[in-house]
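A look at the structure
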Amino acid sequence: VNRDVQQKPDQQADDKSRRGGRPAAGGAPRLADLQHTVGNRAVSGLVATMLQRDTGTPTTTPPVSGTTTTGGSGTPPPTTPPTPTRPPDLQRALTDRTPEAINAVRDFGPATDPERLSLIQAMCGGALDTAGAATVRRIWESFGSRLPQVASDNNTLWDQCNQRGAHLPDSLLGTGIGHRDIRYTETVGGWQYGVHGIYDYRVVHDAIQVKVPINFAPDSGVSAPVDTWFGYIRSTWNHYSAVNRDNPTEKKAIDFQPTQSGGGQRVQVTAGDGRANAGRWYVGDSRAANTIPHEFGHLIGLEDEYELRHSDYVRVTGEEPQAGSGDRAGAQRIATAMHDALYQGEHWYERHKTAVRRRMDAVTRVLTANTIPRYYSTPQSRQVAQEYQRAYSHELADDIVRQIDADPGDRGVFRDWREGVCGVFEYTNTSLMGNPDYQPSPPDPSRATAGHEQHAVQPRHVRQFSTLVQDFVRHGTWNPVEDH
Amino acid sequence: LSFLRRRGSRGPGPLVSYRRHGGRPPPDRELLEVSDDGSFSMWRTIARAFDPPAPIGRFAGTLDPGALERLQAAAGDAARAGDLTEELPAGSAVEETAVGKRTATLPHTASPNGPWGELLGQVRPLLVELTGQPRAAVGLRLGEGLQLVHLGAEPLRLGLGQVEVRAILWEGYEQRGTWRWAGALSPDPVDAGPGWMLEVPFEHGLEGAGELVAYVDLMADDGDGWLTCSLQTPRATP
C-alpha cells in the first residue's frame with residue numbers, strides 16, 4: 001500500500017499484468033484500506049486513472065470547458081470514461097495555463113505526471129518571480145519521493161526552471177546528484193603518493209554527467225591549451241555507459257566533462273616537455289594524448305597501475321598480471337640464476353654488508369647478461385617473476401628486499417639499486433593508468449589484441465560511476481560497458 | 001655507481017647529493033654529486049627531466065668557481081634548516097637532495113621556500129649545464145637526418161635491440177603531425193666510443209609549417225645494468 005501511495009498510478013502503466021491479475025473480490029476491502037490511509041480524494045483520483053487505462057483512453061484530461069458534439073443524429077452519446085475529480089483551482093490551472101492560475105493551485109497531487117510537468121513548462125515560459133519560483137518548487141515537490149527520478153528523467157526542464165529563476169536546491173535531487181572528494185595514499189615503487197580526486201556528478205535521463213573542475217594556473221608567459229587537453233580527455237574517457245544487465249535497454253552514458261574552474265584542483269601549467277604529475281602539466285608534452293587523460297584519471301580518484309607488487313596489482317586491477325613472454329625455459333634459467341645470486345652464503349669471517357654487496361653484484365651480472373633493463377617490467381621479466389614464484393613460492397621482489405637488506409656502503413646507491421631491481425619484477429599494466437605507451441617491437445605477446453584490452457580505459461576505471469547510477473535507480477545490476 | 005661507491009664512510013662525503021628517480025615508465029634516474037672541491041659526477045637518463053633536454057649518460061668534471069661558491073653557501077643554509085618533506089602527488093618523480101646528514105625529499109615539481117628552495121634553485125640547472133662536460137654520453141643530432149652521437153672520452157654501452165624513434169611536427173603547442181618507428185638498430189650491445197655515430201631511421205614524411213622535434217628511446221648501461229633512456233632534440237620555442 002505504501003508503495004502504491006508513493007508512486008503515482010500513471011507510473012504503473014507498464015504493470016498491467018499485476019493490475020489485470022487482481023481478484024475483483026478483493027477490491028473492496030483494499031480500497032477501504034486505501035481510503036483510510038490516504039483519504040477519499042487521492043483514492044478517487046487513483047481509481048479514475050486506472051479506469052482510464054483499462055479503457056485505453058489517454059491519461060491527459062480533456063478540457064472541462066469543452067463540449068462533446070454528437071453530430072445530432074439522435075443516437076445516444078458514446079459512454080465517456082469518468083473524468084477524475086479535480087479541485088477547481090487545479091482544473092482552472094490546467095485549462096488557463098497562466099502563472100496566476102497555476103500559482104493559485106493549493107495542491108498539485110491530483111494532477112497526473114504529464115499534467116504537472118506541463119504546468120512547470122507553462123510556468124517557465126518566462127522569468128519567474130518569487131511567487132512563481134515557489135510554485136514551481138511546489139509542483140516538483142508534489143512528486144514526493146519520486147522527485148529525484150522524475151527530475152532526472154526531465155533534466156532539461158529542471159535546468160530550464162533554474163535558468164528562469166526557480167532556485168531549485170540540488171538537495172531535492174537526492175542521490176541523483178552529488179560531490180565526491182576522494183583522498184588516499186598509494187604505494188608505487190616503494191614510495192607513498194597522495195591521490196586526490198574531486199568531481200561532481202548528476203544522473204540525467206540518458207547519462208551520468210561527471211564534472212571535473214580543474215583550476216589551471218599557467219606559469220608566466222604560458223597559456224594552457226585547454227581545448228586540446230579537454231579533447232584528449234573526452235576522446236579517451238567517453239566510451240562507456242552504465243548498463244542494466246537485467247535490461248540492457250536501460251543505460252546511461254558515462255559522460256566526463258572536464259571544466260576549467262577556479263574552484264577545481266590546481267594544475268600548474270608549464271612550458272616545455274617535462275614529466276607531468278597530477279598537479280603539473282606541460283604544454284609541450286610529446287605524449288600529451290596519453291599523459292593528460294592519465295592525470296585526469298587521478299583527478300577522479302584513480303590509482304597508478306605501474307610498479308606494483310603482485311598483491312597490489314591484483315587489488316588495483318582486479319586481475320592477475322599480464323602473461324610473460326612465454327619463454328618458460330629461458331625464464332626458468334634466469335629465475336634460478338637470480339635465486340642463486342640472492343641466496344649466496346654469508347661467510348663467518350665477513351661482515352653482513354660484504355655479503356650483501358656480493359649478492360648485489362651477482363644480481364647485476366644476471367640482469368646485464370640477459371639485457372634486462374632496471375626499473376620496469378618487460379614480458380621477459382614478468383615471465384622470470386612467474387617462474388621464480390613457481391619454483392620458490394616467494395615473490396622475487398620480496399626476496400630481493402629480504403636478501404639485500406642492508407646498505408653495503410652508501411645509502412643512495414643502495415636504495416637506488418634496490419628500487420631499480422625490484423622494479424624489474426613488479427608489475428605494470430598497459431592500461432591508461434599504467435603504461436599504455438609501452439609498445440615494444442616485436443609486440444608484447446602479453447598485450448591482448450581484442451576487446452577491452454585494446455582500449456586504454458578499462459571498465460574498472462569507470463565502475464564507480466555505474467555504481468552511482470545503481471545507487472540512484474535502485475533496481476537491476478548496473479555495470480560499465482564500452483559501447484560508443 | 002662507482003662514483004657513489006667510492007664515497008666510503010671514512011670520507012667527508014659530498015657537498016651535495018641529488019637524486020631524482022621514479023615516475024611513470026620510463027622512470028627518471030638523474031643523479032648528481034658535487035664534492036667540496038667542485039668536482040662532480042652525474043648520470044642522466046631522461047632528457048626531458050630538465051629543460052632544455054640534454055644528452056644522457058655519464059658526465060664528470062668541475063664546477064666553475066663562482067657556481068661552486070654559490071652552491072656551498074646554499075648547501076650550508078640548507079644543512080642548518082633541517083630535513084624537509086612534502087607529500088608526493090600521484091605520478092611524481094621523487095627528488096632527494098642531501099647535504100651532510102640533512103635531506104629534502106620532495107616531488108620533482110616542488111618549489112619550496114627557504115634554504116632548500118635556494119639550494120634546488122642552484123642544483124636543478126646544473127643537471128643541464130653540466131652535460132657540457134660529458135664523460136661517456138650520447139646525444140641526438142638532427143640535421144639532414146637523425147644521428148645518435150657519442151660524447152666524451154669514455155665508451156658507453158648501448159642496447160639498441162629495441163629502439164623507439166618518434167617525430168612530432170609542432171606548431172606552437174599543437175601537434176600537427178606525428179611519426180613513429182620501433183625496431184632493432186643492432187641485435188647486440190654496442191660500445192659507443194669517441195667518434196661513434198649512428199644514423200637512425202627518420203623517414204617521417206612530416207611536412208608543413210612548424211618545428212620538427214625528434215625523440216629516441218634506447219637502453220644504456222650505467223655500470224649497474226641496463227636502463228631505458230630517453231633522448232630528444234630541444235625546441236627552439238620552449
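Residues numbered from 1 in each chain as written. Chains lettered and ligands numbered in written order. Predicted model: local features only at pLDDT ≥ 70, side-chain atom pairs only at ≥ 80, totals over all residues. Heavy atoms only, no water.

**Focus on the overall build of chain A**
Selection rule: Under the scheme used here, helices are H or I runs from DSSP no shorter than 4 residues and strands are E runs no shorter than 2 residues, and both carry numbers assigned from the N terminus. Burial status follows relative accessibility: with a 1.4 Å probe on protein chains alone, a residue under 20% of its type maximum counts as buried, one over 50% as exposed, and anything between as partly exposed. For this analysis, residues touch if any pair of their heavy atoms sits within 4.5 Å. Each accessible area value is a Shrake-Rupley result obtained with a 1.4 Å probe; residue values ignore everything except the protein chains displayed when judging cover.
Assigned secondary structure in chain A consists of 19 helices and 8 strands. Burial status across chain A gives 50% buried among its 484 residues. If you take every contact in chain A between residues at least 6 apart in sequence, the share linking residues at least 24 apart comes to 66%. Carbon and sulfur atoms make up 51% of the accessible area of chain A, which totals about 22000 Å².

**Thoughts on the overall build of chain B**
For clarity, the cut-off: Our radius of gyration looks at C-alpha atoms and nothing else; its globule reference is 2.2 Å times the residue count to the power 0.38. His is not counted, nor are the chain ends, whereas Lys and Arg count as positive and Asp and Glu as negative. By convention, the charge on Lys lies at NZ, on Arg at CZ, on Asp at CG and on Glu at CD.
Each helix and strand in chain B was counted, giving 3 helices and 15 strands. A globule of 238 residues ought to have a C-alpha radius of gyration of about 18 Å, and chain B, at 19 Å, matches this closely. Within chain B, contacts between residues separated by at least 24 positions form 57% of all contacts whose residues are at least 6 apart in sequence. Of the accessible surface of chain B, which amounts to about 9700 Å², a share of 48% is contributed by carbon and sulfur atoms. Here chain B holds 23 positive side-chain charges and 31 negative ones, and the gap between their average locations is 5 Å.

**A look at the interface of chain A and chain B**
Put simply, an interface is often sized by how much accessible area is lost when its parts join up. Heads up, the rule is: By buried area we mean the combined loss of accessible area, with a 1.4 Å probe, across both parts when two parts are placed together. Here, a salt bridge means any side-chain nitrogen of Lys or Arg that lies within 4 Å of a carboxyl oxygen of Asp or Glu.
Between chain A and chain B, the residue contacts involve 60 residues of the former and 58 residues of the latter. For the pair chain A and chain B, the summed buried surface comes to about 4900 Å²; carbon and sulfur atoms form 46% of the total. Put simply, chain A and chain B have 7 salt bridges between them. Here Asp217(B) makes a salt bridge to Arg287(A), at a shortest N to O gap of 3.6 Å.

**Quick look at the pairing of strand β6 (residues 94-99) of chain B**
All names here are of chain B. To be explicit about the condition: For two strands to be treated as a pair, DSSP must find no fewer than two bridges joining them.
The element β6 is extensively covered by neighbouring structure, given that 6 of its 6 residues are classed as buried. Residues Val-94, Glu-96 and Ala-98 point to one face of β6 and Glu-95, Thr-97 and Val-99 to the other, with burial holding for every one of them. Relative to β6, strand β1 (residues 16-22) runs antiparallel, the two sharing 5 bridges. Bridge pairing in β6 places Arg-19 opposite Glu-96. Remark: 2 residues form the turn of the hairpin made by β6 and strand β7 (residues 102-107), two consecutive strands paired antiparallel; Gly-100 in that turn has positive phi of roughly 60 degrees.

**Looking at the packing of helix α14 (residues 328-342) of chain A against helix α15 (residues 352-369) of chain A**
All names here are of chain A. Threshold: All axes here are fitted lines through C-alpha atoms, helices being fitted over the stretch that makes contact, and every angle between N-to-C directions spans 0 to 180 degrees. Throughout this description, any angle smaller than 35 degrees is read as roughly parallel, any larger than 145 degrees as roughly antiparallel, any in the 65 to 115 degree range as roughly perpendicular, and the remainder as oblique. Left-handed describes a crossing whose near helix is turned anticlockwise from the far helix by less than a right angle; the clockwise case is right-handed. Note on residue categories: nonpolar means Ala, Val, Leu, Ile, Met, Phe, Trp, Tyr, Cys or Pro, charged means Asp, Glu, Lys or Arg, and polar means any other residue, Gly included.
With their axes 8 Å apart at the nearest point, α14 and α15 run at an angle of 165 degrees to one another. Taken together, the axis directions place α14 and α15 in an arrangement best described as roughly antiparallel. Note that α14 runs across α15; the crossing there is right-handed. For the pair α14 and α15, contact is made by Ile-334, Ala-337, Met-338, Ala-341 and Leu-342 and by Arg-359, Ala-362, Val-363, Val-366 and Leu-367, respectively. In terms of residue class, the contact of α14 with α15 is built from 9 nonpolar, no polar and 1 charged.

**Regarding helix α17 (residues 396-403) of chain A**
Put simply, the rule reads: In this description, the arc belongs to the directions extending from the helix axis to the C-beta atoms.
Listing the buried residues of α17(A) in full gives Leu396(A), Ala397(A), Asp399(A), Ile400(A) and Gln403(A). Taken end-on, α17(A) shows its buried residues confined to a sector of 160 degrees, consistent with a single buried face.

**Remarks on the environment of Pro480(A)**
All names here are of chain A. Position of Pro-480 among the secondary structure elements: in strand β8 (residues 478-482). Separated by 18 residues in the primary sequence, Pro-480 and Val-462 place their C-alpha atoms 6.6 Å from one another. In contact with Pro-480, not counting residues within four places along its chain, are Tyr-240, Ser-241, Pro-459, Val-462, Arg-463 and Ser-466.

**As for the sheet that holds strand β5 (residues 84-85) of chain B**
All names here are of chain B. The 10 strands are arranged β5-β7-β6-β1-β2-β3-β4-β8-β9-β13 in an open sheet whose pairing can be described as mixed. Edge positions in the open sheet fall to β5 and β13 (197-200), since each of these has one partner strand only. Examined bridge by bridge, strand β8 (residues 134-142) and strand β9 (residues 146-151) share 6 bridges and lie antiparallel to one another. Directly across from Ala-137, in β9, lies its bridge partner Leu-151. Docked against the sheet, helix α3 (residues 114-129) engages β1, β2 (28-34), β3 (39-44), β5, β6 and β7, running at close to 110 degrees with respect to β6.

**Points about empty space enclosed by the protein**
Over the atoms rolls a probe the size of a water molecule, and its path tells where empty space is left. Keep this limit in mind: The pocket and cavity definitions rest on a 1 Å grid over protein atoms only: a 1.4 Å probe that fits but cannot leave marks a cavity, an open set with protein on both sides within 12 Å along at least five of seven lines marks a pocket, and residues lining either have an atom within 4 Å of a point. Grid points are joined across faces, edges and corners, and a volume is the space filled by probe spheres set on the points.
Scanning the entire structure with this criterion turns up 5 cavities of 30 Å³ or more. Empty space within the largest cavity amounts to approximately 100 Å³. Lining the largest cavity are 13 residues, with Val188(A), Gly189(A), Trp191(A), Glu307(A) and Gly22(B) sitting closest to its centre. Broken down by class, the residue content of the lining of the largest cavity amounts to 7 nonpolar, 4 polar and 2 charged.

**Overview of the confidence of the model for chain A**
Residues and elements named next belong to chain A. For clarity, the cut-off: What pLDDT conveys is the predictor's confidence in a given residue, as a value from 0 to 100.
Residues of chain A with pLDDT of at least 70 account for 78%, and the chain-wide mean is 82. Per-residue pLDDT stays below 50 along residues 1-74; that stretch engages in 65 contacts with residues further than four places along the chain or on separate chains. Confidence over residues 445-453 falls short of pLDDT 50; this stretch has 20 contacts with residues more than four positions distant or in other chains.

**A look at the nonpolar core**
Residue and element names in this part refer to chain A. Note the following rule: Residues grouped as a nonpolar core are buried Ala, Val, Leu, Ile, Met, Phe, Trp, Tyr and Cys residues, joined through side-chain atoms within 4.5 Å.
Membership of the largest hydrophobic core comes to 43 residues, with the highest contact counts inside it found for Phe-216, Trp-229, Trp-237 and Phe-465. Residue contacts for Phe-216: discarding those within four places in its chain leaves Ala-224, Val-226, Trp-229, Phe-230, Gln-260, Val-267, Val-269 and Trp-281. Grouped together as the second largest cluster of nonpolar side chains are 36 residues, Tyr-313, Val-356, Val-363 and Ile-404 included.

**A short note on the pattern of salt bridges**
Taken as a whole, this structure holds 36 salt bridges over all chains when the rule is applied. Close ionic contact of Asp96(A) with Arg92(A) constitutes a salt bridge, the shortest N to O distance being 3.3 Å. Placement of the pair is Asp96(A) and Arg92(A) together in helix α5 (residues 88-96), with a separation of 4 residues, close to one helical turn. With relative accessibility at 38%, the residue Asp96(A) sits in the partly exposed group. Classification of Arg92(A) as partly exposed rests on a relative accessible area of 43%. In this structure, Glu211(B) engages Arg235(B) in a salt bridge whose closest nitrogen and oxygen atoms are separated by 3.4 Å. Here the residue Glu211(B) occupies a position in strand β14 (residues 211-221), and Arg235(B) occupies one in the segment after β15 (226-232), the gap between them amounting to 24 residues. Comparing Glu211(B) with Arg235(B) shows no difference in burial state: the two are buried. Within the structure, one salt-bridge network assembled from shared partners comprises Arg287(A), Glu164(B), Arg180(B) and Asp217(B).

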